[in-house]
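Residue-level structural notes
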Protein chains: 2
Amino acid sequence: MVKETNIQTAFQEVMAASGNIPPKQKQVLAASLSLFAEKGFASTTTKEIAERAGVAEGTVYRRYRTKDELLAGVLAPFMTDVLPKLVSEFAEKVVGQTYSSRHDLVATVVNDRMQFVVANQSVLRIMVTEILVRNDLRDQTISRMVPLLKQNLYPVLDHLKAIGELVDWPNDRIAQFMIGTMLTQLVRSTLTNEDVTSAATLIIKFLEKGLAPE
Amino acid sequence: MVKETNIQTAFQEVMAASGNIPPKQKQVLAASLSLFAEKGFASTTTKEIAERAGVAEGTVYRRYRTKDELLAGVLAPFMTDVLPKLVSEFAEKVVGQTYSSRHDLVATVVNDRMQFVVANQSVLRIMVTEILVRNDLRDQTISRMVPLLKQNLYPVLDHLKAIGELVDWPNDRIAQFMIGTMLTQLVRSTLTNEDVTSAATLIIKFLEKGLAPE
DNA sequence: AAGAAAGGTGAGCGTTCACTCACTAAAAGG
DNA sequence: CCTTTTAGTGAGTGAACGCTCACCTTTCTT
């Protein structure tokens, strides 16, 4: 079984890797994460972060010297650890098994990646919001994601096309439809407070039919 | 032919309806719209709005007494005019014609509604961003949209199911897949600066297959 | 134990923000 | 014409913001 990755464990790995991060600094990162997700980066004040973290305001500025650096610090483990693992775990799960039907294939992928979305909901929310507004973060995310997808995902899709399990469309469009359909469910769940996984069965059927060979 | 609706014409209608709105107030609304879309509501200052509108800062506060009211003023015509027309035009286009095939049906709808998305791109961007962060705006939008969809869209979907042109899934899920697939294209276009309508053909095929009866 | 290094503090700094107000200019009404 | 109303101005205001720094406390090093 492939190990699951989420932002909490990634944070701990980063903390373990770069020496012992003091507990109050972890509290600052955790408080920033939750506040940015709740009310957005621009509307969150450093005073609020200090209050929720239970530290003085000066402590917020010990490791990261500006509020922008703090945002980068919150998103960094996600960009360097979580995102690559998201894609490579996906590839492993798909190629590492022989599926008896296309249904099994799509079902495994959707169930698995939607659990990932749930586990990293708060960070994904920050990224979506800030990407819509900050050009630098947008460019950075794209330049990381594109090669990641090309190396890990596209060969798998090519393989599935070859064995007649997938429609012969450009890989970027297939990825768009799969990722988009799953993210749509995340957005809907955010709006209505319903369970993210409640529609998994229909999402699987929809993708299975929509991406079947013509 | 059904009339197209976009935010510019809706603004003009609102201005005509509520007496003559002075030109400088129009400039304030237009400047707010573009700035909120560019850098988000929280990161836009009233001084910037005044500068882009070519007015003094006091003028910004003549009609709307707070920055929050200004946001509401920008979104109001969209909520009261554009959104209802978006849904009712959709219903008219689908029921007002007899289609020779499901392909024609989906193609008409997708092409038409994606043009709408293009025409109202900037406002949609503000709404998506602010809805993720502001509870009041989220609730307001949902409480407007849900009855709108139930009255206009759901009967059409039921009709299509009855004549065997649509899969027998809950209406809210079908709406989710259609709207989600189109909005995904908007997000992608925003990220990569590609033409929003470039993938129309594949989107039509994808939805046509995914929503076909089982 | 003593010194050095790192972590943590919070009052306070300069700046910028949303917003105000006394005032002028223009338009509307009689 | 004069009066009243509406539109517009921009310097100014208090509050809140991001951020600093001199100082204190804890932990490491030898």
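See the structure above.
What comes next concerns the included structure. (Residues numbered from 1 in each chain as written. Chains lettered and ligands numbered in written order. Predicted model: local features only at pLDDT ≥ 70, side-chain atom pairs only at ≥ 80, totals over all residues. Heavy atoms only, no water.)

1. Looking at the packing of helix H9 (residues 171–192) of chain A against helix H10 (residues 200–210) of chain A
Packed helices, taken two at a time, are described by the angle between their axes plus the distance between the axes. Residues and elements named next belong to chain A. What counts, and what does not: Here an axis means a line fitted to C-alpha atoms, over the contact stretch when the element is a helix, while the angle between two N-to-C directions is reported on a 0 to 180 degree scale. A run of DSSP states H or I qualifies as a helix once it reaches four residues; a run of E qualifies as a strand once it reaches two. Both are numbered from the N-terminal end. Angles below 35 degrees are treated as roughly parallel, those above 145 as roughly antiparallel, those between 65 and 115 as roughly perpendicular, and all remaining angles as oblique. A clockwise turn of the near helix away from the far one marks a right-handed crossing, whereas an anticlockwise turn of less than a right angle marks a left-handed crossing. The contact criterion used is simple: two residues touch if any of their non-hydrogen atoms lie within 4.5 Å. As a working rule, the residues Ala, Val, Leu, Ile, Met, Phe, Trp, Tyr, Cys and Pro are called nonpolar, Asp, Glu, Lys and Arg charged, and the rest polar, with Gly in that last group.
One way to put it is that H9 packs onto H10 with a least axis distance of 11 Å and a crossing angle of 160°. Overall, the two elements H9 and H10 adopt an arrangement that is roughly antiparallel. Seen from above, H9 lies across H10 with right-handed handedness. Where H9 abuts H10, its residues Phe177, Met178, Thr181 and Gln185 lie against Ile203, Phe206 and Leu207. Here the residues of the contact of H9 with H10 are counted per class, giving five nonpolar, two polar and no charged.

2. Things to note about the side chain of Lys209 of chain B
Heads up, the rule is: For each residue, the accessible area found with a 1.4 Å probe, counting protein chains only, is set against the maximum for its type, and the residue is called buried under 20%, exposed over 50%, and partly exposed in between. When charges are counted, neither His nor the chain ends are considered; positive counts come from Lys and Arg and negative counts from Asp and Glu. When a carboxyl oxygen of Asp or Glu lies within 4 Å of a side-chain nitrogen of Lys or Arg, that pair is called a salt bridge.
Examined against the element boundaries, Lys209 of chain B turns out to sit in helix H10 (residues 200–210). The buried charged residue Lys209 of chain B lacks any salt bridge, with Glu214 of chain A as its nearest oppositely charged partner at 5.0 Å. In this structure Lys209 of chain B touches Val167, Trp169, Lys209, Gly210, Leu211, Ala212, Pro213 and Glu214 of chain A, once residues within four positions along its chain are discounted.

3. Quick look at the interface of chain A and chain B
Here is the rule we go by: Put simply, buried area is how much 1.4 Å-probe accessible surface two parts lose in total, over both of them, once they are put together. Identification of polar contacts relies on pairs of N or O atoms within 3.5 Å, with a donor-acceptor requirement for protein atoms, meaning one able to donate a hydrogen and the other able to accept it, and with residues adjacent in sequence counted only if both atoms are side-chain atoms.
In this assembly, 41 residues from chain A lie in contact with 41 residues from chain B. Among the residues chain A hides against chain B, the three largest losses belong to Leu132, Phe206 and Lys209 of chain A. Together they make up 20% of the total. Between chain A and chain B we count six salt bridges in total. Arg188 of chain B serves as the salt-bridge partner of Asp172 of chain A, at 2.8 Å between the closest nitrogen and oxygen. Counting the contacts that link chain A with chain B gives 14 residue pairs in polar contact (both at pLDDT 80 or more). If one sorts the elements of the side of chain A that touches chain B by residue count, H9 of chain A sits on top with eleven residues. Here the side of chain A that touches chain B is built from residues that sort into 19 nonpolar, eleven polar and eleven charged.

4. A look at the relation of the copies chain A and chain B
In this structure, two copies of a chain are linked by a rotation about an axis accompanied by a shift along it. Formally: We superpose the copies by least squares over the C-alpha atoms of residues that have a pLDDT of at least 70 in both of them.
When chain A is fitted onto chain B, the two copies agree to an RMSD of 0.1 Å after a turn of 180° and an axial shift of 0.0 Å. Taken together, the rotation and translation describe the operation of a two-fold axis. Ranked by how close their C-alpha atoms come to the rotation axis, the residues of chain A are headed by Gly210 of chain A, at 1.9 Å. A share of 100% of the interface residues of chain A reappears at the interface of chain B, consistent with the copies meeting face to face through the same patch.

5. Looking at the side chain of Arg113 of chain B
Inspection of the secondary structure assignment puts Arg113 of chain B in helix H6 (residues 102–119). Looking at Arg113 of chain B, its side chain comes within polar contact range of the side chain of Glu89 of chain B, at 3.2 Å.

6. Quick look at the packing of helix H5 (residues 67–95) of chain B against H6 of chain B
Residues and elements named next belong to chain B. Put simply, H5 and H6 touch, their axes get as near as 10 Å, and they point 160° apart. For the element pair H5 / H6, the angle class is roughly antiparallel. Crossing handedness for the pair H5 and H6: right-handed. Between H5 and H6, the residues in contact are Val82, Lys85, Leu86, Glu89, Phe90, Lys93 and Val94 and Leu105, Val109, Asp112, Arg113 and Phe116, respectively. For the contact of H5 with H6, the per-class residue count stands at seven nonpolar, no polar and five charged.

7. Observations concerning helix H2 (residues 23–39) of chain A
Residue and element names in this part refer to chain A. Rule in force here: In this analysis, the expected span of each helix is defined as 1.5 Å times one less than the number of residues it contains.
For H2, built from 17 residues, the straight-helix expectation of 24 Å at 1.5 Å per residue is met to within 8% by its first-to-last C-alpha distance of 24 Å. By the burial criterion, the buried members of H2 are Gln25, Val28, Leu29, Ala31, Ser32, Leu33, Leu35, Phe36 and Ala37. Immediately downstream of H2, the backbone of Gly40 shows phi near 85°, a positive value.

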